[in-house]
Amino acid sequence: MNDTPPPSIGQMLEWDTSALPLLPVLGVVLALWYWTGAQRVRASGRPWPWHRTACFLGGCLLLIAVTGLKVESYGYELFSVWMFQHLTLSMAIPPLWVLGSPGLLLLRSTPHRGIGRGVLALALSALRSQPARWMLHPGFTIPVFLFSYYGIYLSPIFDTVSALPAGHVSLEIFFLASGLLFIMPVLATGPLPVRQSYLGRCFDLFVEMPLHVFIGVVLMMATKPLLTTFVDPPPEWGVDVMQDQQLAGALAWSYGEPVALVVVVIFAMRWNRDDKRMNADLDRRAEIDGDSDLEAYNNFLRSLNAAERPETR
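This structure is a prediction, so every number in the text was calculated from the model and none was measured.

Attention shifts here to the overall build of the chain. Secondary structure summary: the chain contains 15 helices and zero strands in total. Across the 313 residues of the chain, 41% fall into the buried class. When contacts within the chain are restricted to residue pairs at least 6 apart in sequence, long-range pairs at least 24 apart make up 77% of them. With an accessible surface of roughly 17200 Å², the chain has 67% of that area assigned to carbon and sulfur atoms.

Our focus in this paragraph is unusual backbone geometry. A negative phi holds for most residues other than glycine; trans holds for most peptide bonds. Although it is not a glycine, Ser101 adopts a positive phi angle of roughly 50°. Position of Ser101 relative to the elements: it lies in the loop between α5 (79-99) and α6 (102-109).

As a further point, take the packing of aromatic side chains. One pass over the full model with this rule turns up 18 aromatic pairs. Between Phe84 and Tyr255, the ring centres sit 5.9 Å apart and the planes meet at 75°, which makes this aromatic pair edge-to-face. Linking Phe84 in helix α5 with Tyr255 in the loop between α13 (241-254) and α14 (256-289), this pair joins segments that are 171 residues apart in sequence. Measuring from centroid to centroid gives 5.6 Å for Phe158 and Phe230, while their planes differ by 35°, and the two rings are tilted. With Phe158 in helix α10 (residues 157-162) and Phe230 in the loop between α12 (198-221) and α13, the pair connects residues that are 72 residues apart, well separated along the chain. Taken individually, Phe158 and Phe230 each receive the classification buried, so the pair is uniform in this respect. Cluster of aromatic residues (ring-pair linked, three or more members): Phe79, Trp82, Phe147, Tyr153, Phe158, Phe174, Phe175 and Phe230.

On to the environment of Arg40. Structurally, Arg40 is set in helix α2 (residues 22-43). Distance in space between the C-alpha atoms of Arg40 and Ser109 is 6.0 Å, their sequence separation being 69 residues.

This paragraph deals with helix α3 (residues 50-68). With 19 residues, α3 should reach 27 Å at 1.5 Å per residue; the first-to-last C-alpha distance of 26 Å fits that figure. Every buried residue of α3 is accounted for by Arg52, Thr53, Cys55, Phe56, Gly59, Cys60, Leu63, Ile64, Val66, Thr67 and Gly68. If you follow the buried residues of α3, they end up packed against α2, α4 (71-74), α5, α6 and α11 (167-187).

On to the environment of Val66, then. Along the polypeptide, Val66 turns up in helix α3. Owing to a relative accessible area of 4%, Val66 belongs among the buried residues under this scheme. Once you skip the residues sitting within four places of it in the chain, Val66 turns out to touch Val71, Glu72, Phe84, Gln85, Thr88 and Leu89.

Moving on, we come to the side chain of Ser148. Position of Ser148 among the secondary structure elements: in helix α9 (residues 138-153). Among the residues examined, Ser148 registers a relative accessible area of 0% and is labelled buried. Contact partners of Ser148, with chain neighbours within four places excluded, come to His86, Tyr153, Phe174, Phe175 and Ser178.

Side-chain pairs of opposite charge can arise where the charged atoms are in close proximity. Evaluated as defined, the whole model comprises one salt bridge. The residue Lys70 makes a salt bridge to Glu14 at a minimum N-O spacing of 3.5 Å. Of this pair, Lys70 sits in the loop between α3 and α4 while Glu14 sits in the loop between α1 (9-12) and α2; the two residues are 56 residues apart in sequence, bridging distant segments of the chain. Accessibility expressed as a relative area gives 18% for Lys70, which makes it buried. Under the relative-accessibility criterion, Glu14 is labelled partly exposed at 36%.

Attention now moves to the UniProt feature "transmembrane region" (unreviewed entry) in the chain. Within the UniProt annotation, "transmembrane region" (unreviewed entry) is assigned to residues 20-38, 50-69, 89-107, 134-153, 173-194, 206-227 and 247-269. In residues 134-153, helix accounts for 90% and strand for 0%; the two terminal C-alpha atoms are 25 Å from one another. Between the end C-alpha atoms of residues 173-194 the distance is 23 Å, and the span holds 68% helix and 0% strand.

Core analysis: the largest hydrophobic core is formed by 57 residues, its most contacted members being Phe79, Trp82, Met83, Tyr153 and Phe158. Tallying contributions element by element places α5 first for this core, with 11 residues. If we ignore the near neighbours within four places in the chain, the residues touching Met83 are Tyr153, Leu219, Ala248, Leu251 and Ala252. Residues Met12, Val71, Val81 and Trp237 belong to the second largest nonpolar core, which totals seven residues.

To continue, consider the confidence of the model for the chain. With 88% of its residues at a pLDDT of 70 or more, the chain shows a mean pLDDT of 84. No element of the chain has a lower mean pLDDT than helix α15 (residues 292-312), at 64, and none a higher one than α3, at 95.

Residues Trp134, Met135 and Phe140 make up a contiguous nonpolar surface patch of about 330 Å² in total accessible area. Mapped onto the elements, Trp134 comes out in helix α8 (residues 130-135). For Trp134, a relative accessible area of 56% gives the class exposed.

Calculation notes
Residues numbered from 1 in each chain as written. Predicted model: local features only at pLDDT ≥ 70, side-chain atom pairs only at ≥ 80, totals over all residues. Heavy atoms only, no water. Helix = DSSP H or I, 4+ residues; strand = E, 2+ residues; numbered from the N terminus. Buried < 20%, exposed > 50% of the residue type's maximum accessible area, 1.4 Å probe, protein only. Contact = heavy atoms within 4.5 Å. Areas by Shrake-Rupley, 256 points an atom, 1.4 Å probe, with all protein chains shown as cover. Phe/Tyr/Trp six-rings, centres within 6.5 Å; stacked < 30°, edge-to-face > 60°. Expected span 1.5 Å × (residues − 1). Salt bridge = Lys/Arg side-chain N within 4 Å of Asp/Glu carboxyl O. UniProt positions renumbered as here; feature names shortened; annotations may be inferred. Core = buried A, V, L, I, M, F, W, Y, C linked by side-chain atoms within 4.5 Å. pLDDT = per-residue confidence, 0-100. Patch = residues over 30% accessible without salt bridge, like charges linked within 9 Å, V, L, I, M, F, W, Y side chains within 5 Å.

This is the structure:
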């Protein structure tokens, strides 16, 4: 008989002392580092926007909550709870971390001498490496992100990995990493080895958005359990396995839409802002040099006109 009480919101919000605390500890460490780095930047007299700090720390709190509270234990037994964890790890936490600009914070808060110089050199060399270019290319990020849904749930991979001692945590790490790899090229403002155009990033967003939602339809329309891991919940909980799978599908369908909408709005605002900035720079340059590009084009047209006159006579 399972000693865990039947699932409820109150039970899921309790602290889980039995969980492997790898990811909660990671969340605490990252939050402490970010807060310390932001305070160091401000102490040096340079501003650091409060919204970046709020976004990154919010992502850390979500990581601690979704892997450190009792929701983690229920995620071993119920598909719907596990899907909630998956969606939070892959779609909610990565954008918050990327909007926090941790790469810029690392560059601004790390001393450029002593050990700090070595840390910066190591970070920049890793960022500029060829593997980093491959991993942040949309030809890699989009298939990996979609594989984390279709490849994991529509094949024996999930049941095989989750049966291992550390399989549950390994899947959580994979979902977190796949979400970060996908969203970094879209929203990151810091240094990246690959920088797509806004049009290319827009294309990536609108390719991914409908595809990841469709897995929810597959789960809701399935006539039998797709994963054997969740077919035997504690009988005293009174859980209907098929209803729980349909709830997981409904979460997959609905959870990501508000997040995707926020990401698209932020992306569009940045695109508009950078376009205005570029046009302002072009206008300022035209005022200084008299719009040399337009003058060169007019001279080219005059030369063509002059070359055609003898033939016309």
